[in-house]
Amino acid sequence: MGWLLISAIVFMVGSYFVIIGLWEIKEGKDRTKYIIYMLIGLFLIFVLPHIMQLQKFIG
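Everything in this summary refers to the structure shown in the same document. Remember, predicted model here, so these are calculated numbers, not experimental data. (Residues numbered from 1 in each chain as written. Predicted model: local features only at pLDDT ≥ 70, side-chain atom pairs only at ≥ 80, totals over all residues. Heavy atoms only, no water.)

### Here we look at the overall build of the chain
To be explicit about the condition: Each helix corresponds to a stretch of at least 4 residues labelled H or I by DSSP, and each strand to a stretch of at least 2 residues labelled E; elements are numbered beginning at the N terminus. Put simply, the radius of gyration uses C-alpha atoms, and a globule should come to 2.2 Å times the residue count raised to 0.38. Here, Shrake-Rupley sampling with a 1.4 Å probe gives the accessible areas, and only protein chains in the shown set may cover a residue.
Counting its secondary structure elements, the chain contains two helices and zero strands. For 59 residues, the compact-globule formula gives about 10 Å, and the C-alpha radius of gyration of the chain, at 14 Å, lies well above that figure. A total of about 4800 Å² of accessible surface is found on the chain, and carbon and sulfur atoms cover 75% of it.

Pasting the structure below:
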């Protein structure tokens, strides 16, 4: 049950960063913030769950 809650929270935080990145590119003020927010969000959505799943099996 705890695993599902943690993965849901990670997905929501990742989605939040992606949305902030999209908003930043819409404003058009700082392109580096857009890149940073998108990379963090995509990392949290696609990469971190796989790392956490591997760690669950290893440890």
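Still more ground to cover, so stick around.
### Looking at the environment of Lys33
With respect to the helices, strands and loops of the structure, Lys33 is situated in helix α2 (residues 31–58). Lys33 sits 12 residues away from Gly21 along the chain, and the two C-alpha atoms are 7.1 Å apart.

### Thoughts on the side chain of Glu24
Note the threshold: When accessible area is computed with a 1.4 Å probe and restricted to protein chains, residues below 20% of their type maximum are described as buried, those above 50% as exposed, and intermediate ones as partly exposed. Neither His nor the chain termini are counted; the positive set is Lys and Arg, and the negative set is Asp and Glu. When a carboxyl oxygen of Asp or Glu lies within 4 Å of a side-chain nitrogen of Lys or Arg, that pair is called a salt bridge. Contacts are assigned to residue pairs that have any heavy atoms within 4.5 Å of one another.
Its place among the elements puts Glu24 in helix α1 (residues 2–27). One buried charged residue, Glu24, remains without a salt bridge, the closest side chain of opposite sign being Lys33 at 5.0 Å. Contacts of Glu24, omitting those with residues within four sequence positions, involve Lys29, Asp30, Lys33 and Tyr34.

### Some points on the packing of aromatic side chains
Using the following cut-off: Centres within 6.5 Å make a pair out of two Phe, Tyr or Trp rings, where for Trp the six-membered ring is used; the pair is then stacked when the planes are under 30 degrees apart, edge-to-face when over 60, and tilted otherwise.
Enumeration according to the criterion identifies two aromatic pairs in this entry. Ring plane angle 70° and centroid distance 6.3 Å describe the contact between Tyr16 and Phe17, whose orientation is recorded as edge-to-face. Aromatic side chains Phe17 and Tyr37 sit 6.0 Å apart centroid to centroid with 40° between the ring planes, which places their arrangement in the tilted category. Here Phe17 is found in helix α1, whereas its partner Tyr37 is found in helix α2, with 20 residues between them in sequence. Here Phe17 falls in the partly exposed class, since its relative accessible area comes to 21%. Among the aromatic residues, those joined into a cluster by ring pairs are Tyr16, Phe17 and Tyr37.

### So, a nonpolar patch on the surface
Where we set the bar: A patch consists of residues whose relative accessible area exceeds 30% and which take part in no salt bridge; residues with like charges are grouped when within 9 Å of each other, and nonpolar side chains (Val, Leu, Ile, Met, Phe, Trp, Tyr) when within 5 Å.
On the surface, a nonpolar cluster with roughly 480 Å² of combined accessible area is contributed by Leu5, Ile9, Phe11, Met12 and Val13. Mapped onto the elements of the fold, Ile9 is located in helix α1.

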